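Overview (structure and organization)
Residues per chain are reported as follows:
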Amino acid sequence: MIESMKVSIIVPVYNVEKYINECLSSLINQTYKNIEIILINDGSSDKSEEICNSYLKTYKNIKLINQSNSGVSVARNNGLKSSTGDYVLFVDSDDWLEKNMLEIMVKEIDNFDIDIVRCEYFVENNPVLEDKYFKKIYFKNIEIKKNNYLIENITNYNINPAVWMMLIKRELAVKHRFTSNIGYGEDLIYSLDLLLDSKKIKVIPYAFYHYRLSNNSASRNPAKYTRNIENLIKLYSYIKEILIKNGINNNRIEKNSIKSYYYLIIWYEYLKFNASALDENSFIEELKKIRNSNEYVACLKKYGKNCNLKLNRKLIIWFLDNEFYFMILFTLKLKKYLKGGGRH
């Protein structure tokens, strides 16, 4: 074990008094001990800060940063500034880790020569979710910019872009910042930047991270993260800028990411409708805004109606294009019902 490698664990905290003890316990009890834990309290209004302070008094390797409620991106950026480790790991404060996660992931690092080590994850009350697209790419040395398979599947959300599955070399992590002026997709933008700037990545087929389905943590703060059409338009613009900046001009990647962008807009508007109890008429008005947006019209004109997506996604796009708004609502409700209200 390479105990000389210090790992900074960055944990945004927002109104998680029910879960923060389980999270911190899993960090403190890691079998790999050369760690610092950086807690960023994002203006919590419950007892989260009080609980963090109790740990601060007991454990010398824990730091606490307090900030006004600014969102998970600002919290993560502040955590990065304060970090002193060789590698960093981002953890959501309502999630928890297997106790040997860091020990095994650090072992995969060869003399500081690996930029990112990525693992699998569990979802609470669900079997382990294996990222089948990423598992096909077990690689150590790869030129990321030329790996169209990887870029295409990340921009299409076939590969989970969450940063909490990755142990990242700090000198790479601090070169990039989480975008704070967008309501959705911060992990995707940051992960894409990291991957395109990486030289060596390892993917290990073990699940160590426990992802809790919750609406209370910093990364799911509804006050700062409304998933509306404007935010999703920003997300697509950022993705396109990143690809252009890195010299990636692949028509298939762009076409598929745009089609996924259509679907994401509809799907997350539905989630917003579900979360905020928006009435059906208001939801229909949101769909009309999407259908008549300049971005949608321009994409449809350039790429037409053909897309390399699953049938249900094609169907949603077809309904939107033909202004069958109530069918979209019915389809999404049916999907939720068949899934038993689970994660989509």
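The structure this text deals with has already been given above.
Below is a short write-up of the structure. Going along each chain's sequence as written, the residues are numbered from 1 onward. Reporting of local features is limited, given that this is a predicted model, to residues whose pLDDT is at least 70; pairs of side-chain atoms are given and counted only at 80 or more, and all residues count toward the totals for whole chains, interfaces and linings. Hydrogens and water are ignored here; the side-chain numbers use all heavy atoms of the structure.

Quick notes on the side chain of aspartate 187
Strands here mean DSSP runs of E at least two residues long; helices mean DSSP runs of H or I at least four residues long; both are numbered from the N terminus. Inspection of the secondary structure assignment puts aspartate 187 in helix H8 (residues 186-196). Accessible area is worked out with a 1.4 Å probe on protein chains only. A residue is then buried under 20% of its type maximum, exposed over 50%, and partly exposed in between. Judged by relative accessible area, aspartate 187 falls into the buried class, the value being 15%. In terms of polar contacts, aspartate 187 uses its side chain to reach the side chain of arginine 76, at 2.5 Å. Contact partners of aspartate 187, with chain neighbours within four places excluded, come to Arg76, Pro161, Ala162, Val163 and Phe178. Side-chain atoms alone can form a polar contact between residues adjacent in sequence; in general such a contact is a pair of N or O atoms within 3.5 Å, and within protein one must be able to donate a hydrogen while the other accepts it. We call two residues in contact when some of their heavy atoms are within 4.5 Å.

With respect to the pairing of strand E6 (residues 116-123)
Burial of E6 is extensive: seven of the eight residues sit out of reach of the surface. Both E6 and strand E7 (residues 166-169) contribute to a ladder of three bridges, which runs antiparallel. When the sheet's bridge partners are listed, valine 117 is paired in E7 with leucine 167. Of the strand pairs in this sheet, E6 and strand E8 (residues 201-211) are connected by seven bridges, and their pairing is parallel. Pairing of arginine 118 across the sheet is with valine 203, part of E8. At least two DSSP bridges between two strands are needed for those strands to be called paired.

Here's the deal with H8
Of all 11 residues in H8, 11 are buried, a share of seventy percent or more. Listing the buried residues of H8 in full gives Glu186, Asp187, Leu188, Ile189, Tyr190, Ser191, Leu192, Asp193, Leu194, Leu195 and Leu196.

Digging into the packing of aromatic side chains
Pairing of aromatic side chains requires ring centres within 6.5 Å, counting the rings of Phe and Tyr and the six-membered ring of Trp. Pairs whose planes differ by under 30 degrees are stacked, by over 60 edge-to-face, and all others tilted. Under the criterion given, the structure shown has 11 aromatic pairs. Ring centres of tyrosine 121 and tryptophan 164 lie 5.2 Å apart, and the angle between their planes is 80 degrees; on these two criteria the pair is classed as edge-to-face. With a gap of 43 residues between them, tyrosine 121 in strand E6 and tryptophan 164 in the loop between helix H6 (148-155) and E7 connect regions that are remote in the sequence. Relative accessible area serves as the criterion here: at 4%, tryptophan 164 is assigned to the buried category. Pairwise contacts between aromatic rings join Tyr121, Trp164, Tyr209 and Tyr211 into one cluster.

Section: unusual backbone geometry
Phi angles above zero are rare outside glycine, and asparagine 15 is one such case at about 50 degrees. What makes asparagine 15 buried here is its relative accessible area of 18%. Its identity as a non-glycine residue notwithstanding, glutamate 323 has a phi of 65 degrees, on the positive side.

Some points on the sheet that holds strand E3 (residues 62-67)
The eight strands lie next to each other as E3-E2-E1-E4-E7-E6-E8-E5, forming an open sheet whose pairing is mixed. The open sheet is flanked by E3 and strand E5 (96-97), the only strands paired with a single partner. Of the strand pairs in this sheet, strand E4 (residues 87-90) and E7 are connected by three bridges, and their pairing is antiparallel. In the strand pairing of E7, leucine 89 is matched with leucine 167.

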